[in-house]
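# Analysis of the macromolecular model
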Amino acid sequence: MTRFVRAHTADGPRVARLDGDTVHVLDHDDPLAAIRGEGTVGSSVPLASLQLLPPVEAPEIWCAGVTYERSRDARLEEAETDARDVYALVYDADRPELFLKDAAMRRTTGPGGPISVRSDAKWTVPEPELGVVIGEGGQPVALTIGNDVSSRDIEGANPLYIPQAKIFAGACAIGPALYVPESWDATYPIRLRITAADGAELFAGETSTAKLKRSPRELVSWLVQDNPVPPGSVLLTGTGLVPPDEYTLEPGHVVEIEIDEIGILTNTVR
Ligand code: DO4
Ligand code: MG
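Attention here is on the structure that accompanies the text. (Residues numbered from 1 in each chain as written. Chains lettered and ligands numbered in written order. Predicted model: local features only at pLDDT ≥ 70, side-chain atom pairs only at ≥ 80, totals over all residues. Heavy atoms only, no water.)

## Things to note about the packing of aromatic side chains
Here the distance between the centres and the angle between the planes together describe a pair of aromatic rings. Under the definition given, this model contains 1 aromatic pair. One Lys or Arg, Arg 72, reaches over the ring of Tyr 91 and ends 4.8 Å from the middle of that ring. Directly above the aromatic system of Tyr 91 lies the positively charged group of Lys 213, at a separation of 4.6 Å from the ring centroid. (Phe/Tyr/Trp six-rings, centres within 6.5 Å; stacked < 30°, edge-to-face > 60°. Lys NZ or Arg CZ within 6 Å of the ring centre and 35° of its normal.)

Here it is in structure tokens:
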């Protein structure tokens with residue numbers, strides 16, 4: 001199993017190959033080069049001794065939406081306008097919903113970093129999603145975990161407000177690792193756990209990427225069609241887990257998203 005993380009070191013940020021609880025720190029900070037097998041190991045240290053960074057400084061982060069039945073149903077429930085049909089239509093259409101979530105990591109944090117809620121939103125949720133890292137030539141090269149933090153009341157008020165529901169400071173997290181899959185047809189369980197500042201469990205759920213309506217590779221091919229997505233960008237493939245309607249993210253809540261092959265992405269609402 002080939003997995004890479006990025007971490008602070010005395011020489012600056014470095015890519016490191018994960019090997020159980022040990023990491024082999026490479027002599028560069030280029031995750032795409034590491035995936036191609038480039039670089040030599042400078043040192044090997046315990047994973048726990050490192051402060052992890054986002055696994056890639058993604059020039060762009062894109063999201064697919066309404067790719068699971070559960071997401072389609074949640075959008076239909078939250079929609080307050082007659083435009084609710086757009087969600088059912090896009091779930092069944094050939095062309096997927098794709099939107100830009102971030103550029104230059106301005107709104108995105110890594111493992112252990114803070115996520116946020118908008119000050120004008122009343123109902124905000126984490127969206128645990130499988131992320132695909134895009135390499136040269138628009139090809140998928142690795143997987144990661146993403147959190148597409150979203151304001152459901154703003155999204156539900158009008159689909160034209162989706163950019164505001166989705167794009168704000170602290171609205172995204174990626175990490176903890178990049179996983180290079182042996183087969184792009186493999187599917188993965190995704191677990192979400194939310195706890196309060198005192199450790200009390202507020203929500204726990206599980207889904208599987210087997211329930212994705214479109215494969216990650218199909219979503220990437222739609223994204224890069226006539227669109228010069230820079231290498232190192234990430235596409236989040238949509239959420240299949242939605243907390244109950246009474247739940248909203250609040251400062252102090254801790255969000256853990258787990259995919260066995262990749263690790264656990266943990267972030268706290270600031
Ligand atoms: O249509 C709204 C976006 C839905 C979304 O982000 C998701 O399904 O993950
Ligand atoms: Mg989403």
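## Examining the site of ligand 1
Around ligand 1 sit 16 residues in total, of which Val 66, Ser 71, Glu 97, Lys 166 and Thr 239 are the nearest. A distance of 2.5 Å separates an oxygen atom of ligand 1 from a polar side-chain atom of Ser 71. For ligand 1, an oxygen atom lies 2.7 Å from a polar atom in the side chain of Glu 97. Protein chains bury 100% of the 280 Å² of accessible surface belonging to ligand 1 in isolation. At the level of elements, β6 (60-65), α2 (69-78), β7 (97-103) and α5 (162-166) are the ones that each hand at least two residues to the shell around ligand 1. When grouped by side-chain class, the residues that make up the shell around ligand 1 number 5 nonpolar, 4 polar and 7 charged. (Near = heavy atom within 4 Å. Polar contact = N/O pair within 3.5 Å; in protein donor to acceptor, adjacent residues only side chain to side chain. Areas by Shrake-Rupley, 256 points an atom, 1.4 Å probe, with all protein chains shown as cover. Helix = DSSP H or I, 4+ residues; strand = E, 2+ residues; numbered from the N terminus. Nonpolar A, V, L, I, M, F, W, Y, C, P; charged D, E, K, R; others polar.)

## Concerning the pairing of strand β16 (residues 201-208)
Looking down a regular strand, the side chains alternate between one sheet face and the other. Both strand β15 (residues 189-195) and β16 contribute to a ladder of 7 bridges, which runs antiparallel. Paired with Arg 193 across the strands is Ala 204, a residue of β16. (Pairing = 2+ DSSP bridges.)

## Let's talk about the pattern of salt bridges
Applying the stated criterion across every chain yields a total of 21 salt bridges. The salt bridge involving Arg 75 is made with Glu 78; its shortest N-O contact spans 3.2 Å. With Arg 75 and Glu 78 both in helix α2, this residue pair falls 3 residues apart, about one helical turn. Given a relative accessible area of 4%, Arg 75 falls into the buried group. On the accessibility criterion, Glu 78 (5% relative accessible area) is buried. Across the salt bridge formed by Arg 191 and Glu 258, the nearest N and O atoms sit 3.5 Å from each other. (Salt bridge = Lys/Arg side-chain N within 4 Å of Asp/Glu carboxyl O. Buried < 20%, exposed > 50% of the residue type's maximum accessible area, 1.4 Å probe, protein only.)

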